[in-house]
Amino acid sequence: MIVFRAPEEVPQGFGPSAVAIGKFDGVHAGHRAVIKRLKEAAAESGSQAVAVTFDRNPLAVLRPDRCPENVVTVDRKLELLGELGLDATLVLTFDEELASRSAEAFVVDILVGALGVSQVLVGEDFRFGRGGEGTPALLRQLGPTHGFTVEVVDDVYLPGSERRVSSTWIRELLIEGDVVEAAHALGRYPDVRGEVVHGLKRGRELGFPTANLSTIVDAFVPADGVYAGWLVDHDTGIRHPSAISVGTNPTFDDVLERQVEAHVLDETGLELYGHDVTVEFVRRLRGMVAYEGIEKLSAQIAVDVADARVVLATQA
């Protein structure tokens, strides 16, 4: 997938293109439905399949007091979009200049001028341009003049749910620690990626050594607690079954920042320091609890490891 960081980077004659526009935060099941339809439309018309997105949540500029934390970073978003087989993604810098641009100028300069758009796909609630004046209805009005058609893609609902899949809902699920439902909404396991760094080595002292991720990770970290999941070592390509802890280790009360640490099951002598890893969350086993003494904590960790092994025995 080609990544353009500005309309000026798109080469002359790049189009025609079928374009989907959105924040694509998390690249969840709703986004995947849009991209699936986008690829179908592009194949039908012989066009390039292109996503147009932003380098930040527009609320970071428009209403920073109401801007939520992203589900994933921009780099992770691009990685996920790339896995869906798009031809290109245009990442627009959302700044005051873009925020003040009229909806029609956005269409003429970016969609038509840079991308040679032949078809636009958006969600029903998509808004763009100065003051959010751009709507699917406005796109339909502009389409005949500029040679493109417009398709509004329906919202996605999980089976048995009356709530549409959205980044807002996914954040709520992760805050609750409900990684099972979040996985359904995302279309993949919730995960975070980071570098394995040295910690206090408490796990090693307890007989359960852990790989501690740096505090700089690429996605929204779910609620404190213990999870069954996987550690994917990108340095070796190996995917390890793991018991995962998120939190500040309240038994010792000397960890100042939330940590993600993973104990790889049934491995001894595994050295992961400095490795680039992804931790995938499959199921929450329990909340975070302060225990009275190392013996009780160690006994509980043994139970957590056994529970994680049972959960992961049926997961891929």
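Being a predicted model, the structure only gives us computed values, none of them experimental.

**What to know about the sheet that holds strand E11 (residues 259-264)**
- Taking strand neighbours around the barrel as the criterion, the 6 strands line up as E7-E8-E11-E10-E9-E12 in a closed arrangement whose pairing is antiparallel. Neighbour-to-neighbour, the strand axes of this sheet turn through a mean angle of 45°, independent of strand direction.
- When strand E9 (residues 225-233) meets strand E12 (residues 276-286), the two strands line up antiparallel, connected through 8 bridges. Bridge assignment links leucine 231 to a residue of E12, and that residue is valine 279.
- Here helix H8 (residues 179-186) sits on the sheet and contacts E9 and E12; the angle it forms with E12, its principal contact strand, is near 125°.
- In the packing of helix H10 (residues 294-312) onto the sheet, the strands contacted are E9, strand E10 (238-247), E11 and E12, and the crossing angle to E12 comes to about 100°.

**With respect to the pattern of salt bridges**
- The tally for this structure, following the rule as stated, stands at 21 salt bridges.
- For the salt bridge of arginine 5 with aspartate 75, the shortest nitrogen-to-oxygen distance reads 4.0 Å. With arginine 5 in the loop between strand E1 (2-4) and strand E2 (17-21) and aspartate 75 in helix H3 (residues 74-83), this residue pair connects regions lying 70 residues apart in the sequence.
- When its relative accessible area of 54% is taken as the criterion, aspartate 75 is described as exposed.
- We note a salt bridge from arginine 309 to aspartate 266, for which the minimum N-O separation is 2.8 Å. A residue pair is termed long-range when its members are at least 10 positions apart, and arginine 309 in helix H10 and aspartate 266 in the loop between E11 and E12 qualify at 43 residues.

**Let's talk about the sheet that holds E1**
- The sheet built from 6 strands is open, its strands ordered E1-E4-E3-E2-E5-E6 with parallel pairing. Two strands in the sheet have a free side with no partner beyond their single neighbour: E1 and strand E6 (149-153). Going from strand to strand, the sheet's axes swing by 20° on average, the running direction of each strand aside.

**Points about the nonpolar core**
- Ranked by size, the top nonpolar core spans 48 residues in total, and within it Leu38, Val192, Val260, Val279 and Phe281 carry the most contacts.
- Here this core gets 5 residues from one element, more than from any other, and that element is helix H1 (residues 29-45).
- Residue contacts for leucine 38: discarding those within four places in its chain leaves Ala18, Val19, Ala20, Ala49, Val50, Leu86 and Leu121.
- In terms of nonpolar packing, the next biggest core, distinct from the first, is built from 31 residues, Val10, Leu92, Leu98 and Leu142 among them.

The rules behind the values
- Residues numbered from 1 in each chain as written.
- Predicted model: local features only at pLDDT ≥ 70, side-chain atom pairs only at ≥ 80, totals over all residues.
- Heavy atoms only, no water.
- Pairing = 2+ DSSP bridges.
- Helix = DSSP H or I, 4+ residues; strand = E, 2+ residues; numbered from the N terminus.
- Axes fitted to C-alpha atoms, helices over the stretch in contact; angles between N-to-C directions.
- Contact = heavy atoms within 4.5 Å.
- Salt bridge = Lys/Arg side-chain N within 4 Å of Asp/Glu carboxyl O.
- Buried < 20%, exposed > 50% of the residue type's maximum accessible area, 1.4 Å probe, protein only.
- Core = buried A, V, L, I, M, F, W, Y, C linked by side-chain atoms within 4.5 Å.

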